[in-house]
Amino acid sequence: MTKGGDVAKAAVLALVLVAGVAVRADAAQCGNGPGGFETWKQQFGEEARAKGIGASAIGALMQTNYASATIAADRSQRSFGLSLDQFLAKRGAAGIVARGRAMKQSHAALFASIEQRYGVPPGPLIAIWGMETAFGSQRGNQHMLSSIATLAYDCRRPEFFTDQLYAALKLIDRGQLSPSQRGSMHGEVGQTQFMPKTILNYGTGNLDNAANALMSTANFLHANGWRAGAGYQPGEPNFAAIEAWNAAGVYQKAIALMGRQIDGGGSAAER
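Rules and cut-offs
- Residues numbered from 1 in each chain as written.
- Predicted model: local features only at pLDDT ≥ 70, side-chain atom pairs only at ≥ 80, totals over all residues.
- Heavy atoms only, no water.
- Axes fitted to C-alpha atoms, helices over the stretch in contact; angles between N-to-C directions.
- Helix = DSSP H or I, 4+ residues; strand = E, 2+ residues; numbered from the N terminus.
- Parallel < 35°, antiparallel > 145°, perpendicular 65-115°, else oblique.
- Left-handed = near helix turned anticlockwise from the far one by under 90°.
- Contact = heavy atoms within 4.5 Å.
- Nonpolar A, V, L, I, M, F, W, Y, C, P; charged D, E, K, R; others polar.
- Buried < 20%, exposed > 50% of the residue type's maximum accessible area, 1.4 Å probe, protein only.
- Arc of directions from axis to C-beta.
- pLDDT = per-residue confidence, 0-100.
- Core = buried A, V, L, I, M, F, W, Y, C linked by side-chain atoms within 4.5 Å.
- Disulfide = S-S within 2.5 Å.
- Expected span 1.5 Å × (residues − 1).
- Phe/Tyr/Trp six-rings, centres within 6.5 Å; stacked < 30°, edge-to-face > 60°.
- 1 Å grid on protein atoms, 1.4 Å probe; cavity = no way out; pocket = protein on both sides within 12 Å on 5 of 7 lines; lining within 4 Å.
- Points joined across faces, edges and corners; volume = space filled by probe spheres on them.
- Salt bridge = Lys/Arg side-chain N within 4 Å of Asp/Glu carboxyl O.

**Here we look at the packing of helix 2 (residues 37-50) against helix 3 (residues 55-62)**
Running from N to C, helix 2 and helix 3 cross one another at 165°; their axes reach a closest spacing of 10 Å. On the basis of their axis angle, the class for helix 2 and helix 3 is roughly antiparallel. For helix 2 against helix 3, the interelement crossing comes out right-handed. In contact with Lys41, Gln42, Phe44, Gly45, Ala48 and Arg49 of helix 2, helix 3 contributes Ile58, Leu61 and Met62. Grouping the constituent residues of the contact of helix 2 with helix 3 by class yields 5 nonpolar, 2 polar and 2 charged.

Quick look at the structure:
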């Protein structure tokens, strides 16, 4: 290549690099407190608009507030560091199992239809339902979009929650979630506490409805490799699907244990 060609190539590269710096400078920047949240919302809103998010969802994002309670909860998830026995006691496993067995009988037709369609037996579904919301009685009262926007802005896990925020905005655009939707501290919604991205991929209807939430949960487990008739205890084929549901090892073992007790009987203290 000629010297002139080298100069031209260098000039083009310099322009590309400058453009890249400009893009990074314009991108929404994470923060560790409420001070930059309003500026971040404006920047993120522009990025979302450029990616095709509609005006109604952008408007909902602009109405969000920095969720200090969500940040406090995100910094204090100590129960996942407990032993299995401590975790079971703290979460009221004996009560979940006892009520879960009754739920299995009173909703027998629903669970039979779910198992026929997805291959997932009642036990783990009921255990998740009881663990997540005490069978629908504790679904959270936080403003879902504010919680997720705050976590997308926060520097601790912005990539994960940015994906969740885009999913939430898409669901609002489509009318599948209300901008005023209420949920738990991290933006989970419904009877079994789905995150927005999980709703997009596996949700079947209004997840505040127990039947829809249980079917959606079975759909999730099935899509993550659940095999009809196979075991779901640690080391068995279907335990991996439970691992996909929640990353905390003590939670996974608790669901498997309670599910077995609900499905097969035995003492709630049985290992």
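**As for helix 3**
Residues of helix 3 that are buried include every one of Ala57, Ile58, Ala60 and Leu61, and no others. Angularly, the buried residues of helix 3 cover 155° about the axis, an arc narrow enough to put them on a single face. Among the structural elements, helix 2, helix 9 (144-153) and helix 10 (158-173) are those in contact with the buried residues of helix 3.

**Some points on the confidence of the model for the protein chain**
Taken over all residues, the pLDDT of the protein chain has a mean of 90, while the share at 70 or more is 87%. Segment residues 6-25 is flagged for pLDDT under 50; beyond a separation of four residues in sequence, or across chains, it makes 2 contacts in the model.

**Looking at the nonpolar core**
Core analysis: the biggest nonpolar cluster contains 70 residues, and Trp40, Phe44, Leu165, Leu169 and Met258 have the highest contact counts within it. Looking at which element gives the most residues to this core, the answer is helix 14 (residues 249-264), with 8 residues. Each residue touching leucine 165, except ones within four places of it in the same chain, is listed here: Trp40, Phe44, Leu61, Leu145, Ile148, Ala149 and Ala152.

**Looking at the state of the cysteines**
For the structure on display, the rule yields 1 disulfide. Two residues share a disulfide in this structure: cysteine 30 and cysteine 155, whose sulfurs sit 2.0 Å from each other. On the S-S bond that ties cysteine 30 to cysteine 155, the torsion sits near 95°, and the link is right-handed. Of the two residues, cysteine 30 sits in the loop between helix 1 (3-26) and helix 2 while cysteine 155 sits in the loop between helix 9 and helix 10, which places them 125 residues apart along the sequence. Given the relative accessible area of 39%, cysteine 30 is considered partly exposed. For cysteine 155, a relative accessible area of 28% translates into the label partly exposed.

**Focus on helix 8 (residues 122-133)**
Compared with the 16 Å implied by 1.5 Å per residue over 12 residues, the 16 Å span of helix 8 between its first and last C-alpha is a close match. Summarising burial for helix 8: 11 of the 12 residues are buried, a large majority. Of the residues making up helix 8, those classed as buried are Pro122, Gly123, Pro124, Leu125, Ile126, Ala127, Ile128, Trp129, Gly130, Met131 and Thr133. Buried residues along helix 8 sit in contact with helix 5 (84-90), helix 6 (93-106), helix 7 (108-118), helix 12 (210-223), helix 13 (239-245) and helix 14. At the exit of helix 8 stands alanine 134, carrying a positive phi of roughly 50°.

**Digging into the packing of aromatic side chains**
The final tally for this structure, using the stated rule, is 14 aromatic pairs. Relative to tryptophan 40, the ring of phenylalanine 37 lies with its centre 5.7 Å away and its plane at 15°, an arrangement referred to as stacked. A residue pair is termed a helical-turn pair when its members lie 3 or 4 positions apart in one helix, as phenylalanine 37 and tryptophan 40 do in helix 2 at 3 residues. The exposure class assigned to phenylalanine 37 is buried, which follows from its relative accessible area of 1%. One aromatic cluster is present, formed by Phe37, Trp40, Phe44, Tyr66, Tyr153 and Tyr166 through successive ring pairs.

**Considering the layout of surface pockets**
Approximately 210 Å³ is the volume found for the second largest pocket. Together, 14 residues line the second largest pocket, and Gln176, Ile199, Gly205, Asn206 and Leu207 are the ones closest to its centre. Classifying every residue of the lining of the second largest pocket gives 6 nonpolar, 7 polar and 1 charged.

**Here's the deal with the pattern of salt bridges**
Within this structure, the stated rule accounts for 9 salt bridges. The residue lysine 41 makes a salt bridge to glutamate 38 at a minimum N-O spacing of 3.2 Å. Placement of both lysine 41 and glutamate 38 in helix 2 is noted, with a separation of 3 residues, approximately one turn of the helix. The buried category is assigned to lysine 41, whose relative accessible area is 1%.

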